[in-house]
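# Per-entry structural report
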Amino acid sequence: MSDVVTERAIDRSKMEVSDEIAIHISDMNKWFGNFHVLRDINLEVRRGERIVVCGPSGSGKSTLIRCINRLEEHQQGKIVVDGTELSSDLKNIDKIRSEVGMCFQHFNLFPHLTILENCTLAPIWVRKMARKEAEETAMHYLEKVKIPEQADKYPGQLSGGQQQRVAIARSLCMKPQIMLFDEPTSSLDPEMIKEVLDTMIELAEEGMTMVCVTHEMGFARQVANRVIFMDDGQIVEENEPKEFFDNPKSDRTKLFLSQILGH
Amino acid sequence: MSNISFVREKEIPQSPPPITESNAIRWVRQNLFSGWLNSLLTILSVYFIYVCLRDFIPWAYGGIWTANSIRECLDINPDVACFSVIGARWRQLLFGFYPTEEYWRPILTFVLLFISIAPVLIPRFARFFWFSLIYPGIAVWLLWGGSIWPVFSIYLAISLTGLVFFLAKNKFKLSSGFSFTAAILFFFLYFIFIAGPFIALFKYILPINLVLIESLQFGGFLLSMIVGFSGIAASFPIGILLALGRQSDLPLVKMICVGFIEFIRGVPLITLLFVASVLLNYFLPPGTSFDIIIRVIIMVTIFSAAYMAEVIRGGLAALPVGQHEASAALGLSYWQSQRLIIMPQALKISIPGIVNTFIGLFKDTTLVSIISLLDPVGLASLIRADQKWNGIYWELYVAIGLMFFICCFGMSQYSQYLERKLKTDNS
């Protein structure tokens, strides 16, 4: 596990954290059946923040970010995204989902649609954008993730890294305010991890609000402005990356870091 | 680990794959005689095919087409087929007792059938889908005849109901549920108050009539096609809805769908057909006559819809949950995601099963002979009851089998074409 994610200097000119709150989670609890996955979660994400959520597997970190766009339903507490509270009101859910982009561990591209169609689908059907305009936007973002020449191929014909970059472009086409990343590099070969992380760094450089569940500690160190450590469904520790890595407070964090950085 | 990012920006041009050596003798040696066991199997298979065809080919090829009865056939040559029965009765096999001077109507309906399924089957013609929608009405009017206005009135009712729904939702900004209720209410009000006077008025102003044909005059392959194609067209959407209902989070919807599917699948089709032909009359208010062919179509439809639902559920189950999540995360609504993401993939996976059900349904239409409708099999018994043709078996059934085979083989070929076309990966 490398400590640095990129050797180039990261352009921090647009990476500013505003006072405006993008995501506010208070006293949130969630159960899967009888299993208490998330306990008393309190989290505030400001606009422009890059947050990395880490922790051992089964600690509830994926579940946490999946609650933010209601892929999982929480049972107690309050989640407010962009001023809209998540409740069972479908209108709020649809509104939040169109403002919050998400990338998955397994990309989840739509295999029956071409790359371009994957990217234009939601703008056309959810944003009611004209096809031509949607295609232009899509090509713009595909160029950004450096695969415009694959636009007419199907996802099954692309490598894992390319697919993940398409997935990022697909989310960006909805012009989201917030991006959620659920272990975006965990199912990739080492040489492909790099290209996906580079795309994510570029996104961070443009000032995107990002919440990333990832084991890429190099990314956390260089790009994140806050690292959150979760264990057993609780937020155990949160701090700036430098403090977090050099000076972990709780024993569980120390153990986790020694395991993940030890080799 | 190097930290210089490498992302390939240009594709390397592809070099052609090696040309496989093809040579007839090599092919034969590799595929038929690659070892002593395979050589033996090849020889045995060839012998088997020979034995099968040895008697059949001369029997069919030398068949007699000109005799007037089975007696004459036997006098000419008792060892060959007597296809004369088909020459004498082909009209009945195709049309049943449909009046000869009106044959142009089923033929025209049949031709229009191809035009109406083209937009569904071939994407290039998709913009003519409106014809597929009005085709059922045209077909009903052409086949049964009578005045055009009742059929027109039904289409008018459906369009106006759609218009009411659209206006309520978009002009008056009512909620979907409310607009839907209003539309349904309008639909019933239309049939209670408007339909009768409307039909009467137009029958008077502009009488467009065809000779009325009774359902019992229908028969032969025409009947099979009507029941089969209506069943296929109707059971497919119903099957999709049932499959979705079975996966629904709403307990009542789920219960109804599961109950329906399990009940219908657990009952033989013949029982349902008997219900259609006999029992339904007891349940309906006295005096209502409910066309026998329509009753049969309804039964065949719900029967195959139950099977279709299970086949499609298999396709739905095969989809990774990530597809649902990705479409939800992009903000697509339930119906949008079903229509654009889930169903195209689930249906593609279930093509073999769906076509299997279609073919099964089409062949099951021969069961209507049990309730004394005269489909080709029912007609075969009738023809054999004729003194002139009493004793004929093979020739009739071979001909009927061939007609069904052509239709079913066509469906199977189309499904294979569709599977090839929808393949989107490299394998």
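Just so it is clear, the structure is predicted and the values come from calculations on it, not from any experiment.

Once that is clear, we can look at the overall build of chain B. A count of helices and strands for chain B gives 17 helices and 2 strands. By the compact-globule yardstick of 22 Å for 427 residues, chain B is too spread out, its C-alpha radius of gyration being 28 Å. By principal-axis analysis of the C-alpha atoms, chain B measures approximately 85 × 80 × 40 Å. Here chain B holds 427 residues, and 39% of them are scored as buried. Long-range pairs, those at least 24 residues apart, make up 70% of the contacts in chain B between residues at least 6 apart in sequence. When the accessible area of chain B is evaluated, it comes to approximately 25600 Å², of which 70% is carbon and sulfur surface.

A word on the overall build of chain A. Looking only at helices and strands, chain A features 9 helices and 10 strands. On C-alpha atoms alone, chain A measures out to a radius of gyration of 18 Å, which is about the 18 Å that the 2.2 N^0.38 rule sets for 263 residues. Dimensions along the principal axes, computed over C-alpha positions, put chain A at roughly 55 × 45 × 35 Å. Considering only contacts within chain A whose residues lie at least 6 apart along the sequence, 69% involve residues at least 24 apart. Averaging the positions of the 32 positive and the 42 negative side-chain charges in chain A gives two centres separated by 3 Å.

Quick look at the sheet that holds strand β3 (residues 50-54) of chain A now. Residue and element names in this part refer to chain A. Strand order in the open sheet formed by 6 strands is β6-β7-β8-β3-β9-β10, and the pairing between neighbours is mixed. If you trace the sheet from one side to the other, it starts and ends with β6 (100-103) and β10 (234-239), each paired once. Ignoring which end each strand starts from, the neighbouring axes of this sheet average 20 degrees apart. As paired elements, β6 and strand β7 (residues 178-182) share 4 bridges and run parallel to each other. Of the residues in β7, the one forming a bridge with Val-100 is Ile-178.

Of the voids in this model, the second largest pocket is the one considered here, and its volume is about 1500 Å³. Taken together, 36 residues form the lining of the second largest pocket, with Leu-90 and Arg-97 of chain A together with Asp-249, Ser-333 and Tyr-334 of chain B sitting closest to its centre. Only α2 (90-99) of chain A together with α9 (220-246), α12 (292-318), α13 (321-329) and α14 (334-349) of chain B provide two or more residues apiece to the lining of the second largest pocket. For the lining of the second largest pocket, the residue count by class is 17 nonpolar, 11 polar and 8 charged.

Attention now moves to the nonpolar core. Core analysis: the biggest nonpolar cluster contains 130 residues, and Ile-25 of chain A together with Phe-218, Val-296 and Ile-312 of chain B have the highest contact counts within it. Tallying contributions element by element places α12 of chain B first for this core, with 13 residues. If near-sequence neighbours (up to four positions away) are discounted, Ile-312 of chain B is found in contact with Phe-236, Gly-239, Ile-240, Ala-243, Met-343, Leu-347, Ser-350 and Ile-354 of chain B. Within the second largest apolar cluster, 50 residues are counted, among which are Ile-10, Ile-168, Phe-219 and Ala-220 of chain A.

All names here are of chain A. In this fold, Cys-103 is placed in strand β6. Owing to a relative accessible area of 0%, Cys-103 belongs among the buried residues under this scheme. Between the C-alpha atoms of Cys-103 and Arg-170, which are 67 residues apart in sequence, the distance is 9.1 Å.

To continue, consider the packing of α9 of chain B against α12 of chain B. Packed helices, taken two at a time, are described by their axes: the angle between them and the distance between them. Residue and element names in this part refer to chain B. Their axes nearest at 5 Å, the elements α9 and α12 cross at an angle of 40 degrees. With respect to α12, the element α9 is oriented oblique. Both α9 and α12 take part in a crossing whose hand is right-handed. For the contact of α9 with α12, the residue count by class is 20 nonpolar, 6 polar and 3 charged.

What the domain assignment reports for chain B is domain 1 (31-61), domain 2 (146-210) and domain 3 (218-422). Domain 2 of chain B and domain 3 of chain B are separated by 29 Å when their C-alpha centres are compared.

Here the focus is the packing of helix α4 (residues 84-95) of chain B against α9 of chain B. Residue and element names in this part refer to chain B. It is at 1 Å that the axes of α4 and α9 come closest, and there the two elements cross at 20 degrees. Judged by the angle between their axes, α4 and α9 are roughly parallel. Packed against α4, whose contacting residues are Gln-92, Leu-93, Leu-94 and Phe-95, the element α9 presents Gly-220, Phe-221 and Leu-222 at the interface. Classifying every residue of the contact of α4 with α9 gives 5 nonpolar, 2 polar and no charged.

Moving on, we get to the interface of chain B and chain A. With 29 residues of chain B at the interface, the matching set in chain A holds 37 residues. When chain B packs against chain A, the two sides together hide about 2800 Å² of surface, and 59% of this comes from carbon and sulfur. Counting across the chain B and chain A interface gives 1 salt bridge. The salt bridge partner of Glu-325 of chain B is Arg-66 of chain A, with a shortest N-O separation of 2.5 Å. There are 6 residue pairs in polar contact (both at pLDDT 80 or more) connecting chain B and chain A. Of all the secondary structure elements, the ones that give two or more residues to the side of chain B that touches chain A are α13 and α14 of chain B. Its residues assigned to classes, the side of chain B that touches chain A comprises 12 nonpolar, 11 polar and 6 charged.

Criteria and cut-off values
- Residues numbered from 1 in each chain as written.
- Chains lettered and ligands numbered in written order.
- Predicted model: local features only at pLDDT ≥ 70, side-chain atom pairs only at ≥ 80, totals over all residues.
- Heavy atoms only, no water.
- Helix = DSSP H or I, 4+ residues; strand = E, 2+ residues; numbered from the N terminus.
- Rg over C-alpha atoms; globule rule 2.2 N^0.38 Å.
- Buried < 20%, exposed > 50% of the residue type's maximum accessible area, 1.4 Å probe, protein only.
- Contact = heavy atoms within 4.5 Å.
- Areas by Shrake-Rupley, 256 points an atom, 1.4 Å probe, with all protein chains shown as cover.
- Lys, Arg positive; Asp, Glu negative; His and termini not counted.
- Charge placed at Lys NZ, Arg CZ, Asp CG, Glu CD.
- Pairing = 2+ DSSP bridges.
- Axes fitted to C-alpha atoms, helices over the stretch in contact; angles between N-to-C directions.
- 1 Å grid on protein atoms, 1.4 Å probe; cavity = no way out; pocket = protein on both sides within 12 Å on 5 of 7 lines; lining within 4 Å.
- Points joined across faces, edges and corners; volume = space filled by probe spheres on them.
- Nonpolar A, V, L, I, M, F, W, Y, C, P; charged D, E, K, R; others polar.
- Core = buried A, V, L, I, M, F, W, Y, C linked by side-chain atoms within 4.5 Å.
- Parallel < 35°, antiparallel > 145°, perpendicular 65-115°, else oblique.
- Left-handed = near helix turned anticlockwise from the far one by under 90°.
- Domains from an automatic or database assignment.
- Buried area = accessible area lost by both parts, 1.4 Å probe.
- Salt bridge = Lys/Arg side-chain N within 4 Å of Asp/Glu carboxyl O.
- Polar contact = N/O pair within 3.5 Å; in protein donor to acceptor, adjacent residues only side chain to side chain.

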